[in-house]
Amino acid sequence: MDRAISGFTFAAAPARVMFGQGRARGLAAEFERLGVARVLVVCTESGAARYRPIIDALGTRCVGVFACAQPHCPEPVALAALAEFAASGADAVVTIGGGSTIGLGKVIAARCKVPLVAVPTTLSGSEMTALYGMKIAEEKRTWTDGAARARTVIYDPDLTATLPTYETATTGMNCLAHCVEALYPAEPNPIARLIALEGIRALAASLPGVAERNDAASRGGALYAGFIGGLLVSVVGVGLQHKICHVLGGHFDVPHGASNSVILPHVVAFNAPAMAETATDIAGALGCEEPATGVFDLAARIDAPQSLRQFDVPQSKLRAVAEEVVARGTHNPRPISVENISLLLEDAWAGRRPASMSDRREAPAMPTTNKQRPGETDAGRATNPH
């Protein structure tokens, strides 16, 4: 142990996790264990077809399928799902799909106080947190409620075999952001640090394999990392990286995984001079020399997005995004300002490869004054869009 350990708090309330190929076939048995007789399935329109064998295996226990999940969980969709749940007479909800689907199921679970079982097929990590939210007009709002936490999470790599590799790539970069942010939480957490580095190593090893071969071992490794990323959000929360992505999603509908893919290299580059040891750890876990360029090059290798411009984010609006991010406030190793976040966004908008650490000026390691503890939310503020 080469790092002094002082005081820390570790609090986690993980779901029952079932991991492995073919585990989704045990979904009906899991509802039997939970004492659930009537289930509403939540998924996307394409998911209803893709996961039909899993849905059909529920038999008469399935009393309806709501196949209308959408990115960012718009309020009208959430209200329609709540109405469908009430009409179906279900006493539990199961989600089969990615973060958008899981988020919609969490709205039902939290508002109706019923059990949620999640079968994630992407790497969003939402299934492991008690945070849920919806997009109301142009603003994402989130809440924390233990009722939104899944009772059981079933990770089955077989279900990801037909998923477009783009979805794995972008949600994988979101997962990488969860792991990176867990290395500099609002309060020290050495246990989260160990888990985060394991997640980064797993992603570096698996994501290229999914993109290039889509083999079962790579899919399993990526899904394992997705579990780690979600667990880290529930333990230490999120920071600057996700604050920026929430604003971009709320105002410009940039998909969450895509925005994380674009923004992460530049946040790492911004923070690296203020966290030299952590930057070295990130690079080591990625198997590269430079953490920010390592993240950027990984995104390129798996064909994940690298520019905000390709999502029609107006360059003229970048300063307004920076102003909103700074106004919301967050913990961060390096102080944030409208000026430096604007420059970060300019680089992300253009898709520039980050400069090496030796080319950057040293920056003081000092948190911003407007901190939020993990899991805290302000009315109308988004801390996690999943």
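Located above this text is the structure these notes cover.
Residues numbered from 1 in each chain as written. Predicted model: local features only at pLDDT ≥ 70, side-chain atom pairs only at ≥ 80, totals over all residues. Heavy atoms only, no water.

**Thoughts on the environment of Ala299**
Okay, step 1: Mapped onto the elements of the fold, Ala299 is located in helix α12 (residues 291-301).
Okay, step 2: Counting along the chain gives 91 residues from Ala299 to Pro208, while the straight-line C-alpha distance between them is 9.3 Å.
Okay, step 3: Beyond its immediate stretch of four places on either side in the chain, Ala299 contacts Met173, Ser261, Ala304 and Gln306. (Helix = DSSP H or I, 4+ residues; strand = E, 2+ residues; numbered from the N terminus. Contact = heavy atoms within 4.5 Å.)

**Regarding empty space enclosed by the protein**
Okay, step 1: Here the structure, examined in full by the defined rule, presents 2 cavities of 30 Å³ or more.
Okay, step 2: Estimated volume of the second largest cavity: approximately 60 Å³.
Okay, step 3: Forming the walls of the second largest cavity are Thr121, Thr122, Leu123, Thr160, Thr168, Val210, Asn214, Arg219, Ala222 and Leu223.
Okay, step 4: Ranked by residue count, the leading element in the lining of the second largest cavity is helix α8 (residues 216-236), at 3 residues.
Okay, step 5: Each residue belonging to the lining of the second largest cavity can be placed in one class, and the counts come to 4 nonpolar, 5 polar and 1 charged. (1 Å grid on protein atoms, 1.4 Å probe; cavity = no way out; pocket = protein on both sides within 12 Å on 5 of 7 lines; lining within 4 Å. Points joined across faces, edges and corners; volume = space filled by probe spheres on them. Nonpolar A, V, L, I, M, F, W, Y, C, P; charged D, E, K, R; others polar.)

**Considering the layout of surface pockets**
Okay, step 1: Quantified by volume, the largest pocket comes out at close to 640 Å³.
Okay, step 2: Along the wall of the largest pocket there are 36 residues; nearest its centre are Pro71, Gly98, Gly99, Ser100 and Glu167.
Okay, step 3: Of all elements in the fold, only α2 (45-50), β4 (92-97), α5 (99-112), α6 (165-181) and α10 (256-271) reach the threshold of two or more residues within the lining of the largest pocket.
Okay, step 4: With 5 residues, α6 is the single largest residue contributor to the lining of the largest pocket.
Okay, step 5: For the lining of the largest pocket, the residue count by class is 12 nonpolar, 21 polar and 3 charged.

**Let's talk about the packing of α10 against helix α14 (residues 338-350)**
Okay, step 1: Packing of α10 against α14 leaves a shortest axis separation of 9 Å and a crossing angle of 135°. The pairing of α10 with α14 is recorded here as oblique in orientation. Where α10 crosses over α14, the two elements pack in a sense that is right-handed. Of α14, the residues touching α10 (which contributes Val262, Ile263, His266, Val267 and Phe270) are Asn340, Leu344, Leu345, Asp347 and Ala348.
Okay, step 2: In terms of residue class, the contact of α10 with α14 is built from 7 nonpolar, 2 polar and 1 charged. (Axes fitted to C-alpha atoms, helices over the stretch in contact; angles between N-to-C directions. Parallel < 35°, antiparallel > 145°, perpendicular 65-115°, else oblique. Left-handed = near helix turned anticlockwise from the far one by under 90°.)

Just distances and angles here, no functional claims.
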